[in-house]
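# Topology and contacts: notes
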Amino acid sequence: MADVVVRERRLRWPIAADFEAAIRGQTVRGIDRRAKYILIRFDTGTLILHLGMSGSLRLVKADTPPRIHDHWDIRMDGGWILRFHDPRRFGSLHWTEADPALHPLLAKLAPEPLSRAFDGEYLHRMTRKRSVAIKHLIMNSQVVVGVGNIYASEALFRARVSPRRAARRLTRQEARALAQAIKDVLGEAIKTGGTTLRDYVNADGAQGFFRQKLFVYERAGEACRVCRSAVKQFAQGQRSTYWCSTCQR
Ligand SMILES: [Zn+2]
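Cut-offs and rules
Residues numbered from 1 in each chain as written. Predicted model: local features only at pLDDT ≥ 70, side-chain atom pairs only at ≥ 80, totals over all residues. Heavy atoms only, no water. Helix = DSSP H or I, 4+ residues; strand = E, 2+ residues; numbered from the N terminus. Buried < 20%, exposed > 50% of the residue type's maximum accessible area, 1.4 Å probe, protein only. Areas by Shrake-Rupley, 256 points an atom, 1.4 Å probe, with all protein chains shown as cover. Salt bridge = Lys/Arg side-chain N within 4 Å of Asp/Glu carboxyl O. Donors = N, O, S within 2.8 Å, 3.2 Å for Na, K, Ca; no water. Tetrahedral: all angles 85-135°; square planar, octahedral: opposite > 155°, others 65-115°. Pairing = 2+ DSSP bridges. Axes fitted to C-alpha atoms, helices over the stretch in contact; angles between N-to-C directions. Domains from an automatic or database assignment. Contact = heavy atoms within 4.5 Å.

This part is about the overall build of the protein. The number of helices and strands found in the protein is 5 helices and 10 strands. Per-residue burial for the protein yields a buried fraction of 44% across its 249 residues. Carbon together with sulfur atoms contributes 51% to the accessible area of the protein, which is approximately 13,600 Å² in total.

Enumeration over the complete set of coordinates arrives at 16 salt bridges. Of the charged contacts in the structure, one is a salt bridge between Glu 188 and Lys 213, with a shortest N-O distance of 4.0 Å. Within this pair, whereas Glu 188 is found in helix α5 (residues 172-191), its partner Lys 213 is found in the loop between α5 and β9 (232-236), the two being separated by 25 residues in sequence. Linking Glu 222 and Arg 219 is a salt bridge whose minimum nitrogen-to-oxygen distance equals 3.3 Å.

Okay, the coordination of the zinc ion next. Protein coordination at the zinc ion: the donors are Cys 224 (SG), Cys 227 (SG), Cys 244 (SG) and Cys 247 (SG), at 2.2 to 2.4 Å from the metal. In this structure, the zinc ion is surrounded by 4 donor atoms whose angles at the metal cover 98 to 115 degrees, and the resulting shape is tetrahedral. Look at where the donors of the zinc ion fall in the sequence and you get C-x2-C-x16-C-x2-C. Residue Cys 244 shares its accessibility class with Cys 247, and that shared class is buried.

On to the sheet that holds strand β5 (residues 56-61). Taken in spatial order, the 4 strands make up an open sheet running β1-β6-β7-β5, and their pairing is antiparallel. Each of the sheet's edge strands pairs with one partner strand only, and the pair in question is β1 (3-6) and β5. In this sheet, neighbouring strand axes are inclined to one another by 20 degrees on average, regardless of whether the strands run parallel or antiparallel. In this sheet, strand β7 (residues 80-85) lies alongside β5 in antiparallel orientation, the contact comprising 6 bridges. Paired with Arg 58 across the two strands is Arg 83, which belongs to β7.

Moving on to the domain arrangement of the protein. According to the domain assignment, the protein consists of domain 1 (3-102) and domain 2 (120-243). Relative to domain 2, the C-alpha centre of domain 1 lies at a distance of 32 Å.

Attention now moves to the pairing of strand β6 (residues 70-75). Most of β6 is tucked away, with 5 of its 6 residues classed as buried. Where β6 and β7 come together, 5 bridges link them in antiparallel fashion. Across the sheet, Arg 75 pairs through a bridge with Ile 81, a residue of β7. Between the end of β6 and the start of β7, which pair antiparallel, lie 4 residues, with Gly 78 showing a positive phi angle near 85 degrees.

By the element assignment, Leu 51 lies in the loop between β4 (46-50) and β5. Judged by relative accessible area, which is 27%, Leu 51 ranks as partly exposed. In sequence terms Leu 51 and Val 28 are 23 residues apart; their C-alpha atoms lie 19 Å from each other. Those residues in contact with Leu 51, other than ones at most four positions away along the chain, are Ile 38, Ser 56, Leu 57, Phe 84, Asp 86 and Gly 91.

On to helix α4 (residues 149-159), then. Judged by how many residues are buried, α4 sits mostly within the fold: 10 of 11 residues are covered. As for α4, its buried residues are in contact with α3 (134-138), α5 and β10 (239-243). Remark: Arg 160 follows α4 within two positions and exhibits a positive phi of approximately 65 degrees.

We note that His 69 has phi near 75 degrees; this positive angle belongs to a residue other than glycine. Considering the arrangement of structural elements, one finds His 69 in the loop between β5 and β6. Of note in the backbone geometry, Arg 228 takes a positive phi value of approximately 75 degrees without being a glycine. Among the secondary structure elements, Arg 228 is positioned in the loop between α5 and β9. When its relative accessible area of 60% is taken as the criterion, Arg 228 is described as exposed.

And the structure:
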């Protein structure tokens with residue numbers, strides 16, 4: 001049975017006034033994810049959460065006093081509270097009683113990289129007539145969701161494709177290799193708990209260990225693990241790109 005306490009409604013979008021009444025007394029039926037949205041399914045609807053830049057969810061004992069920036073609680077049976085903490089308030093919370101896939105926040109999202117909808121044929125099709133650099137294309141959430149800077153750099157290295165290459169210059173075979181490399185990199189990163197940057201920890205408070213498996217990311221000047229040439233770095237858009245100019249063409 002869920003009850004809910006909202007202390008601060010002004011998140012990225014204001015929390016709807018009827019939210020507490022809608023969720024009260026309901027049971028959690030399941031948890032899903034779509035892109036960066038966490039979906040918590042209840043009896044009559046779904047909570048759509050986004051952690052924004054600085055948000056976190058913690059399960060705390062029911063008698064834990066709220067700290068500053070603890071904006072809402074969902075009180076569960078068994079003496080636990082699901083508590084949302086977000087100093088910068090870029091996170092969000094929406095309630096929908098319709099199919100969440102049709103919600104305006106989710107309806108136009110591109111495929112998940114680990115789904116069957118994302119494969120070499122799809123990626124090849126999306127690269128046609130696009131002169132943008134391939135690294136930008138695979139980080140575009142209208143092409144595929146969830147490929148961040150670290151994983152884009154690493155996947156391009158594994159597929160041996162230069163991050164600067166115009167997307168339309170990718171062959172079908174390279175598109176296949178790149179789609180597979182994206183799946184491999186993300187799959188391995190998930191297994192090892194992700195790549196810890198700054199203060200990220202998982203639900204158990206543990207850091208990720210994928211950093212130890214990186215081929216190029218933040219290795220500028222160090223020897224390429226494949227050919228021993230120095231890994232290079234350059235600014236691409238607002239982000240740093242790392243690559244090996246010998247291995248990647
Ligand atoms: Zn190399």
